[in-house]
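# Descriptive structure summary
Spelled out, the chains give:
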Amino acid sequence: MTQPAEAVPARRVRVLLADDQALLRSAFKVLVDSEPDMCVVGEASDGAQAFELARGLRPDVVLMDIRMPGTDGLAATRLISADPELADVRVVMLTTFEVDEYVAAALRAGASGFLGKGAEPEELLNAIRVAAAGDALLSPAATKGLIATFLAQGGGAGATPASGAAHAQRLAALTGREREVLVLVAAGLSNDEIARRLEVSPLTVKTHVNRAMSKLGARDRAQLVVIAYESGLVRPRAE
């Protein structure tokens, strides 16, 4: 069952909730709507409905439960990511499984990041703002914990030699500095940290990151991390 919301000012971050548990959706809605800079524009109880509402409502951010009956969050995220008309829609995956096989699979599907369902309210609100700004919901710690550690355990479900070769071929389009920045992004460094490491300005780093995303066809920083590992540019270290 879906519940499109009333029209809201465009300046607010528009959020679509996708979770099969009505109680959780209600709690998230109260929290989001309590903020002056964001609002819930719709709710979906499964992935198929989430995709249809995304097409109709054009939210800025979809909070997507990874496990739902019927079309699950992974499938819905793939549909959203593959739709050119939804290129500006960001998906934040909600999960109780923060380090497992779903992590790499969802990032490859196009999710901008993860948030545990046990997160504090401020973490959820920050996640929405971060995703809406076009950044990845992968803090340096999260990048290391969710991506590097998982890939070190076996490379990640879904990776193929063909996809790795395709990424490696695209890496050839990067400049030496862009490759250097990409390695540091994959290591979990923020733009400010990369700027200090390379002795350049954060704006310069952001420019290199944006150019790398454009050349590699990455939606956001999270996708850059996946490409860096799948292409072999960065090798995961087992802890």
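Just above, that's the structure.
This section reports on the structure supplied with the text. (Residues numbered from 1 in each chain as written. Predicted model: local features only at pLDDT ≥ 70, side-chain atom pairs only at ≥ 80, totals over all residues. Heavy atoms only, no water.)

## Focus: the nonpolar core
Formed by 28 residues in total, the largest nonpolar core has its most connected members in Ala18, Val62, Met64, Ile80 and Met93. Residue assignment for this core shows that the elements contributing at least two residues are strand E1 (13-18), strand E2 (38-44), helix H2 (47-57), strand E3 (61-65), helix H3 (73-82), strand E4 (90-95), helix H4 (101-109) and helix H11 (221-230). Of all the elements, H2 adds the most residues to this core, at five residues. Ignoring sequence-local partners within four residues, the contact set of methionine 64 consists of Ala18, Ala50, Gly73, Ala76, Thr77, Ile80, Val91, Val92, Met93 and Leu94. (Core = buried A, V, L, I, M, F, W, Y, C linked by side-chain atoms within 4.5 Å. Buried < 20%, exposed > 50% of the residue type's maximum accessible area, 1.4 Å probe, protein only. Helix = DSSP H or I, 4+ residues; strand = E, 2+ residues; numbered from the N terminus. Contact = heavy atoms within 4.5 Å.)

## Observations concerning the pairing of E4
Among the six residues in E4, six count as buried, and that is most of the element. Of the two faces of E4, both are covered, the one formed by Arg90, Val92 and Leu94 as well as the one formed by Val91, Met93 and Thr95. Both E3 and E4 contribute to a ladder of five bridges, which runs parallel. Following the sheet pairing, leucine 63 is matched in E4 by valine 92. Crossover handedness for the path E3 to H3 to E4: right-handed. In this sheet, strand E5 (residues 113-116) lies alongside E4 in parallel orientation, the contact comprising four bridges. The residue of E5 that forms the bridge with threonine 95 is glycine 116. (Pairing = 2+ DSSP bridges. Right-handed = clockwise from strand over helix to strand, strands pointing away.)

## Some thoughts on the pattern of salt bridges
Between side chains of opposite charge, pairing is possible as soon as their charged atoms come close. A full pass over the atoms with the stated rule returns eight salt bridges. For aspartate 37, the salt bridge is made with arginine 129, and the minimal N-O distance between the two is 2.7 Å. Of this pair, aspartate 37 sits in the loop between helix H1 (22-33) and E2 while arginine 129 is found in helix H5 (residues 121-132), placing the two residues 92 residues apart along the sequence. Assessed through its relative accessible area of 27%, aspartate 37 is described here as partly exposed. For glutamate 178, the salt bridge is made with lysine 215, and the minimal N-O distance between the two is 2.9 Å. Taken together, the residues glutamate 178 in helix H8 (residues 176-186) and lysine 215 in helix H10 (residues 202-216) connect sequence positions 37 residues apart. Judged by its relative accessible area of 33%, lysine 215 falls in the partly exposed class. What emerges from the salt-bridge pattern is a single network uniting Glu35, Asp37 and Arg129. (Salt bridge = Lys/Arg side-chain N within 4 Å of Asp/Glu carboxyl O.)

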